[in-house]
Amino acid sequence: MNEYPLSKFYFEVDWGGTKVGFQEVSGLNIEMDPIEYRHGASPDFSKTKMPGMFKFPNITFKRGSFKRDNEYYEWLKTINLNTVERRTITISLLDETGSPAITWKLKNAFPVKLQSTDLKAEGNEVAIETLEVAHEGLTIENN
């Protein structure tokens, strides 16, 4: 057992074969809606709760804007009516040796929102762009 928990600042994202550096990844949640049921002859005056279907919220990726880096835009342009290029995205939290300690895998991910940086004449920050992706499942592997 390690003495200290993992730091959250050392991670990598495998973007369908390409490793991309991000400043922030958020939304790595798994939720489940409980189903409530009660039959009319139940002696209990409360509902029984059962596990329902899983829900996977969208994942948000933030990174600096780079000149001539059009990977977000190229992926976004694959959307045509109800078809889109879907990808498996792997997010790995790395240990001190650079090996994956915890891995999140997104199934059938596709872009749903691209937000460019805001512009500010007196700003002193890096230009950050945000991509939001929807997906059909999240698996977590704790290595």
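Visitor: Which residues make up a nonpolar patch on the surface, and what values do they have?
Guide: On the surface, a nonpolar cluster with roughly 390 Å² of combined accessible area is contributed by Ile30, Met32, Phe54 and Ile140. Mapped onto the elements, Ile30 comes out in the loop between strand S3 (24-26) and strand S4 (31-32). On the accessibility criterion, Ile30 (40% relative accessible area) is partly exposed.

Visitor: Break down the pattern of salt bridges for me, with residues and values.
Guide: Under the defined criterion, the tally for this structure stands at 11 salt bridges. Close ionic contact of Glu71 with Arg87 constitutes a salt bridge, the shortest N to O distance being 3.8 Å. Placement of the pair is Glu71 in helix H1 (residues 71-76) and Arg87 in strand S9 (residues 87-94), with a sequence separation of 16 residues. A single salt-bridge network, built from bridges that share partners, covers Glu31, Asp33 and Lys55.

Visitor: An account of the nonpolar core is needed here, citing residue identities and associated values.
Guide: By size, the foremost hydrophobic cluster in this structure holds 19 residues, and its most contacted members are Val13, Trp15, Phe22, Phe61, Ile89, Ile91 and Leu106. Elements supplying a minimum of two residues to this core: strand S1 (11-15), strand S8 (59-64), H1, S9, strand S10 (100-115) and strand S11 (128-134). When residues of this core are assigned to their parent elements, the largest contribution, 4 residues, is made by S10.

Visitor: Any details on unusual backbone geometry? Residues and values, ideally.
Guide: Although it is not a glycine, Arg68 sits at a positive phi angle of roughly 65°. For Arg68, the position within the fold is in the loop between S8 and H1. Within the chain, Leu81 stands out as a residue other than glycine whose phi angle is a positive 60°. Mapping Leu81 onto the fold places it in the loop between H1 and S9.

Visitor: Talk me through the packing of aromatic side chains; I want residue IDs and the actual numbers.
Guide: Taken as a whole, this structure holds 7 aromatic pairs when the rule is applied. The interplanar angle of 80° and the centroid separation of 5.3 Å between the aromatic rings of Trp15 and Phe61 together place this pair among those described as edge-to-face. Here Trp15, found in strand S1, pairs with Phe61, found in strand S8; they are 46 residues apart in sequence, far enough to count as distant. Grouping residues by exposure puts Trp15 and Phe61 together as buried. Seen in terms of ring centroids, Trp15 and Trp75 are 5.2 Å apart; in terms of plane orientation they differ by 80°. Their pairing is edge-to-face. You can see Trp15 sitting in strand S1 and its partner Trp75 sitting in helix H1, a full 60 residues away along the chain. Per residue, the accessibility class of Trp15 equals that of Trp75, and both read buried.

About the thresholds
Residues numbered from 1 in each chain as written. Predicted model: local features only at pLDDT ≥ 70, side-chain atom pairs only at ≥ 80, totals over all residues. Heavy atoms only, no water. Patch = residues over 30% accessible without salt bridge, like charges linked within 9 Å, V, L, I, M, F, W, Y side chains within 5 Å. Areas by Shrake-Rupley, 256 points an atom, 1.4 Å probe, with all protein chains shown as cover. Salt bridge = Lys/Arg side-chain N within 4 Å of Asp/Glu carboxyl O. Helix = DSSP H or I, 4+ residues; strand = E, 2+ residues; numbered from the N terminus. Buried < 20%, exposed > 50% of the residue type's maximum accessible area, 1.4 Å probe, protein only. Core = buried A, V, L, I, M, F, W, Y, C linked by side-chain atoms within 4.5 Å. Phe/Tyr/Trp six-rings, centres within 6.5 Å; stacked < 30°, edge-to-face > 60°.

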